[in-house]
Amino acid sequence: MTGMATDKRDYYDVLGVGKTASADDIRKAYRARALQCHPDRVQGDIEAKKKAEAEFKELSEAYEVLSDGGKRQRYDRFGHEGLRGVGMHDFSHMGFDDIFSMFADILGMGGQGGRGRSRGPRRGYDLETSITLTLEEVASGAPKTLEFQRQDLCDKCNGSGAAPGTGRRACPTCGGYGQVARSSFGGMFQAVTACPRCHGAGSMVETPCPDCKGSGRQAVNRKVEVKVPAGIHEGQAVRVRGEGEPGEGGEASRGDLHCYVRLAPHPLFERHGNDLYLRAPISFAQAALGAELEIPTLYGPDTLKIPAGTQTGHVFKVAKKGLPDLQSGRKGGLMVQVVVETPTKMTGKQEQLLREYAKTEDRSVMPESRGFFEKIKEYFSSSKPAKEE
Ligand SMILES: [Zn+2]
Ligand SMILES: [Zn+2]
């Protein structure tokens, strides 16, 4: 279980480009900003590096969406909501090197990726999706069906990208090395970077597979059952192992799917940790004389006894009617705040009774007002009133 920032920034703001930016503008903006975040370029302590890493992940997420025509269109129309179930990469769970090799052709640095790597085939990337839960579902835990899209290996070519029966040939751009020398910073440096044509592989397919056009991937719609544990909090994620993208070459293990939880607003209750808050209106007579109130809880109706002389705003705690703790299962409380409502319409008889009551009223016995009048007396005896203009 892990947390994430629930408030995502606007992707165009993140990259610092306008809404009408071209694909090329977006690529350049991403490259310029992402390279500033590279650990080798960040000056300062571990905190500065951590901040840069978070920034780099945010940039990469923005770039993933805005560089993809379909995702960008959905984002433009519906905002972050429009991307639910699209099978976005979960950068928050990825290391720096993974993201750098993912975007090696744009960033021009392979990280540990490319041909020189000896770690063996890379594990599949993690994906993220989200679900919205009601408080009732949080209270009891719930099986939920997740629907999302991911990129799987193409069936026809088994992920190779080559048309069946054809092979690969050395990349003509890098001559099979997977790396090219490129001058950067206005020609001041010669940097060796991943080959933009073969993305560092050194070879390319002779004839692209007709189904996936050489990408080796195809979009697949998945449905997965997850058991959401009782007591889960907004922003936490349920990890579904092995439901991310396939590993490199189809040999390495799949990535995971992280399903982030959101809470649907409840018409009655507000959640604070494992406690729930409820506002219950009561009448002046109920507050003054005491009453037994019918109150709703997530677990069915209940009664709350309020004593005579209850003040407006007072909070009563009903034990064990809140949400279960994620770890211990122990339930929080239901906090009921009573609010005294002043009648706006009274019958003739009610008004008459209240006027009778008012005649007998001795304001000085009311606890709140006694304090107030004492404060006023004290105030006038100890301070000089300000001059009026
Ligand atoms: Zn294919
Ligand atoms: Zn190449």
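Each value, and the rule that gives it
- Residues numbered from 1 in each chain as written.
- Chains lettered and ligands numbered in written order.
- Predicted model: local features only at pLDDT ≥ 70, side-chain atom pairs only at ≥ 80, totals over all residues.
- Helix = DSSP H or I, 4+ residues; strand = E, 2+ residues; numbered from the N terminus.
- Rg over C-alpha atoms; globule rule 2.2 N^0.38 Å.
- Buried ≥ 20, exposed ≤ 12 C-beta atoms within 10 Å, placed from the backbone.
- Core = buried A, V, L, I, M, F, W, Y, C linked by C-beta atoms within 7 Å.
- Contact = placed C-beta atoms within 7 Å.
- Axes fitted to C-alpha atoms, helices over the stretch in contact; angles between N-to-C directions.
- Parallel < 35°, antiparallel > 145°, perpendicular 65-115°, else oblique.
- Nonpolar A, V, L, I, M, F, W, Y, C, P; charged D, E, K, R; others polar.
- Expected span 1.5 Å × (residues − 1).
- Pairing = 2+ DSSP bridges.
- Arc of directions from axis to C-beta.

Considering the overall build of the protein
Here comes step 1: Across its full length, the protein holds 10 helices and 16 strands.
Here comes step 2: Its C-alpha atoms give the protein a radius of gyration of 32 Å, more than 25% over the compact-globule value 21 Å for 389 residues.
Here comes step 3: Principal-axis analysis of the C-alpha atoms places the extent of the protein at approximately 100 × 55 × 40 Å.
Here comes step 4: Every one of the 389 residues in the protein was classed for burial, and the buried ones make up 25%.

Points about the nonpolar core
Here comes step 1: One finds Tyr11, Leu15, Tyr30, Leu59, Ala62, Tyr63 and Leu66 to be the most contacted residues of the largest nonpolar core, which totals 49 residues.
Here comes step 2: The biggest single contributor to this core is helix H3 (residues 46–66), with 6 residues.
Here comes step 3: If we skip the residues at most four places from it in the chain, Tyr63 touches Leu15, Ile26 and Tyr30.

Remarks on the packing of helix H2 (residues 23–36) against H3
Here comes step 1: Running from N to C, H2 and H3 cross one another at 170°; their axes reach a closest spacing of 10 Å. One element, H2, and the other, H3, form an angle in the roughly antiparallel class. Judged by residue contacts, Ile26, Tyr30, Arg33 and Ala34 of H2 engage Phe56, Leu59, Ser60, Tyr63 and Leu66 from H3.
Here comes step 2: Of the residues contributing to the contact of H2 with H3, the split by class is 7 nonpolar, 1 polar and 1 charged.

As for H3
For an α-helix, 3.6 residues make a turn, and residues three or four places apart therefore share a direction.
Here comes step 1: Its 21 residues give H3 an end-to-end C-alpha distance of 30 Å, which sits within 8% of 30 Å, the value for a rise of 1.5 Å per residue.
Here comes step 2: Where H3 is concerned, the buried positions are Phe56, Lys57, Glu58, Leu59, Ser60, Glu61, Ala62, Tyr63, Glu64, Val65 and Leu66.
Here comes step 3: Looking at the buried side of H3, the elements it contacts are helix H1 (11–15), H2, helix H4 (69–78), strand E1 (88–89) and helix H5 (96–102).

Here's the deal with the pairing of strand E16 (residues 334–341)
Both faces of the sheet carry side chains from a regular strand, because those side chains alternate between them.
Here comes step 1: The pairing of strand E12 (residues 275–283) with E16 spans 8 bridges and is parallel. Considered in E16, the bridge of Leu276 is made with Leu334.
Here comes step 2: Here strand E15 (residues 315–318) pairs with E16 via 4 bridges, running antiparallel. Note that in E16 the partner of Phe316 across the bridge is Val336.

Focus: the sheet that holds strand E11 (residues 270–272)
Here comes step 1: Pairing in this open sheet of 4 strands is mixed, and the strands run E11-E12-E16-E15 from one edge to the other. On the outer flanks of this sheet lie E11 and E15, each paired with one strand and no other. Strand-to-strand twist in this sheet, taken as the mean axis angle between neighbours without regard to direction, amounts to 35°.

Focus on unusual backbone geometry
Here comes step 1: Its identity as a non-glycine residue notwithstanding, Lys213 has a phi of 55°, on the positive side.
Here comes step 2: Structurally, Lys213 can be placed in the loop between strand E7 (203–205) and strand E8 (217–228).
Here comes step 3: Residue Lys213 is classed as exposed on the basis of its C-beta count, with 11 C-beta atoms lying within 10 Å.

Section: the sheet that holds strand E9 (residues 237–240)
Here comes step 1: If you trace the 4 strands from one edge of the open sheet to the other, you get E1-E2-E10-E9, paired in mixed fashion. Looking at which strands have only one partner, the edges of the open sheet turn out to be E1 and E9.
Here comes step 2: Judged from the 4 bridges that link them, E9 and strand E10 (residues 257–263) form a sheet pairing that is antiparallel. Across the sheet, the residue bridging to Val240 is Leu257, located in E10.

Remarks on the environment of Ala54
Here comes step 1: Residue placement: Ala54 occurs in helix H3.
Here comes step 2: On a C-alpha basis, the gap between Ala54 and Cys37 in space is 8.9 Å, while along the polypeptide they are 17 residues apart.

Looking at H2
Here comes step 1: The first and last C-alpha atoms of H2 sit 20 Å apart over 14 residues, in line with the 20 Å expected at 1.5 Å per residue.
Here comes step 2: Among the residues of H2, Ile26, Ala29, Tyr30 and Ala34 are the ones counted as buried. One side of H2 carries all its buried residues, which in axial view fall inside an arc of 115°. More than 90 degrees from the buried face of H2, the exposed residues found are Asp24 and Ala32.
Here comes step 3: Turning to H2, the residues buried within the fold contact H1, H3 and helix H6 (104–107).

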